[in-house]
Amino acid sequence: MDNLSQIRCWLARHPLTLDAGLAVGVFVCMIAGSFVDPHGAHGVSWVLRGPSTLSLALMLPAAAALVLRRLAPLPVLGVTTALALVELITGDPRAPVSMAAVIALFTVAVATDRPTTWRVGVLTMTVLTGTAMLSGPLPWYTQENLGLFAWTGMAAAAGDAVRSHRGFVHAIQERAERAERTREEEARRRVAEERLRIARDLHDVVAHHIALVNVQAGVAAHVMDRRPDQAKEALSHVREASRSALNELRATVGLLRQSGDPEAPTEPAPGLARLDELADTFRHAGLPVEVARADHGTILPAAVDLAAYRVIQEALTNVQKHAGEGAKAEVSVVRVDGHVEITVLDGGAGGAGGAGGAHGSEDGGDGDRGRPGDGGESEDGHPGDRGGHGLLGMRERVTALAGSLTAGPRYGGGFRVHAILPLDRRAAATTKDSP
């Protein structure tokens, strides 16, 4: 099987060699056919006579023309048909020069389309058969004339079938290659989306807890000598925040380390049910947080619930890090028709900083130091302040749920983050895509 495949590959790379061998074979067959007498006393028989000089002069160029049948199929068909016509009119007894025309017609059918095949095929059959019947030395009803009609028709039909089969195989191969490319592109897209999701989750986990640890550690260092009890309380909050961060990181990294399908998490994903607990962590860090809810006990889908929690968490983290001393935050959750609206306000002295994080912290932290959406120019108009990805992560979470998010400075100081999350993602996507 390997040797046969190698031979096929070699012939595919050297088509002229194959056609030259075919021309030699056809010439030998035409010579052999010249010794056949179809009108013998006992039917078809072999006779001891060779082809005439004129027949040899016609057979040799007809066979030689087949060497170029792939390069110029229609001209080769014209040459072989013309030589066959001369043989049909003058040959007595006839030599099978028309065999070359039959092979040339097959090549035309393989190399062209169906309309061309049938037009050329009908013309070739009509010309050869009509000439043989009307102008040849034999009666019009002889079997040679009928056989010529049948062979030319079968050559056109066989060539058309081969061309259709090759086209079908090529279409299947192209479809398989296209499907493979589509699978690779889909795999790359999913990998990119998964990397963004992991980066977003790690940012949400680390930024919140590390910001609280940073604030509480600063408080402990400030009051360590004068008020050790308050310093001890701050350190206990540091320990609690760091333990929570480690637990969430351990859960996230453990999920990534699983080789097969991930196991179900042992704890539910955070949602608005833990909003009061989240607000308390910031209150313990010294940030006054007021929470107002008017969602009427709405049970949110898991993805919407998690996105709402993360948006509030990131906005409060940015308030804690960038709004300045004396700032306070206001959080509101409101159910409006088929949406949940999340609003986080602050009136910090940081101006454009705060919930959106337009100003960076001293440690170069995770605040978003740029215009909402592009990260190019800071909210106070100073260009070049590049920073973290908190606002970008919020926007990606909300956009993935077919919602919307706006963030910007408030009139008179402070910052405002406003997110609208649809309760039904499919309905929201349909409404968003409709003209």
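What you see is a predicted model; the values in this text were computed from it and never measured.

Caption draft 1: Focus on the pairing of strand S5 (residues 339-346). In terms of burial, S5 is largely enclosed, as six of its eight residues are buried. Sheet analysis places strand S4 (residues 329-336) next to S5, joined by eight bridges and oriented antiparallel. Bridge pairing links Glu-330 to Leu-345 in S5. Count of turn residues in the S4/S5 antiparallel hairpin: two residues, of which Asp-337 carries a positive phi of about 55°. Looking at chain direction, S5 and strand S7 (residues 415-422) are connected through eight bridges and run antiparallel. Bridge pairing links Leu-345 to Arg-416 in S7.

Caption draft 2: View of helix H10 (residues 302-322). Relative to the 30 Å expected for 21 residues at 1.5 Å per residue, H10 spans 30 Å between its end C-alpha atoms, a close match to the ideal helical length. The buried fraction of H10 amounts to 18 of the 21 residues, a majority that puts the element mostly inside the structure. Downstream of H10 by a residue or two, Gly-324 has a phi angle that is positive, lying close to 95°.

Caption draft 3: Seen up close, the side chain of Asp-19. Within the secondary structure, Asp-19 sits in helix H2 (residues 15-33). For Asp-19, a relative accessible area of 0% gives the class buried. At 3.0 Å, the side chain of Asp-19 and the side chain of Arg-70 are in polar contact. Setting aside its immediate chain neighbours within four residues, Asp-19 contacts Leu-66, Val-67, Arg-69 and Arg-70.

Caption draft 4: Focus on the pattern of salt bridges. Overall, the coordinates contain 11 salt bridges when judged by the stated rule. With its nearest N and O atoms 3.0 Å apart, the salt bridge here joins Asp-19 to Arg-70. One end of the pair, Asp-19, is in helix H2; the other, Arg-70, is in the loop between helix H3 (53-65) and helix H4 (73-90), with 51 residues separating them in the sequence. Ionic pairing is found between Lys-328 and Glu-290, a salt bridge with its closest N-O pair at 3.8 Å. Taken together, the positions of Lys-328 in the loop between H10 and S4 and Glu-290 in strand S3 (residues 289-294) put the pair 38 residues apart, joining distant regions of the chain. Salt bridges linked by common partners bring Asp-19, Arg-69 and Arg-70 together as one network.

Caption draft 5: Representation of the environment of His-237 within the structure. Mapping His-237 onto the fold places it in helix H8 (residues 228-257). With a relative accessible area of 14%, His-237 lands in the buried category. Each C-alpha atom of the pair His-237 and Val-213 lies 7.6 Å from the other, and the pair is 24 residues apart in sequence.

Caption draft 6: Local environment of the sheet that holds strand S6 (residues 404-409). Overall, mixed pairing links the five strands, which are arranged S3-S4-S5-S7-S6 in an open sheet. Edge positions in the sheet fall to S3 and S6, since each has one partner strand and no second. This sheet shows a mean twist of 10° between the axes of neighbouring strands, independent of strand direction. Direction of pairing for S6 relative to S7: antiparallel, over a ladder of six bridges. Within the sheet, the bridge partner assigned to Thr-406 lies in S7 and is His-418. The strands that helix H11 (residues 390-400) touches are S6 and S7; relative to S6, the one it contacts most, it runs at about 155°.

Caption draft 7: Seen up close, the nonpolar core. One finds Val-289, Ile-312, Leu-316, Leu-405 and Val-417 to be the most contacted residues of the largest nonpolar core, which totals 42 residues. Take this core: its biggest share by element is nine residues, from H10. Among residues more than four places away in sequence, those in contact with Leu-405 are Val-311, Leu-391, Met-394, Arg-395, Val-398, Val-417, His-418 and Ala-419.

Rules behind the numbers
Residues numbered from 1 in each chain as written. Predicted model: local features only at pLDDT ≥ 70, side-chain atom pairs only at ≥ 80, totals over all residues. Heavy atoms only, no water. Buried < 20%, exposed > 50% of the residue type's maximum accessible area, 1.4 Å probe, protein only. Helix = DSSP H or I, 4+ residues; strand = E, 2+ residues; numbered from the N terminus. Pairing = 2+ DSSP bridges. Expected span 1.5 Å × (residues − 1). Polar contact = N/O pair within 3.5 Å; in protein donor to acceptor, adjacent residues only side chain to side chain. Contact = heavy atoms within 4.5 Å. Salt bridge = Lys/Arg side-chain N within 4 Å of Asp/Glu carboxyl O. Axes fitted to C-alpha atoms, helices over the stretch in contact; angles between N-to-C directions. Core = buried A, V, L, I, M, F, W, Y, C linked by side-chain atoms within 4.5 Å.

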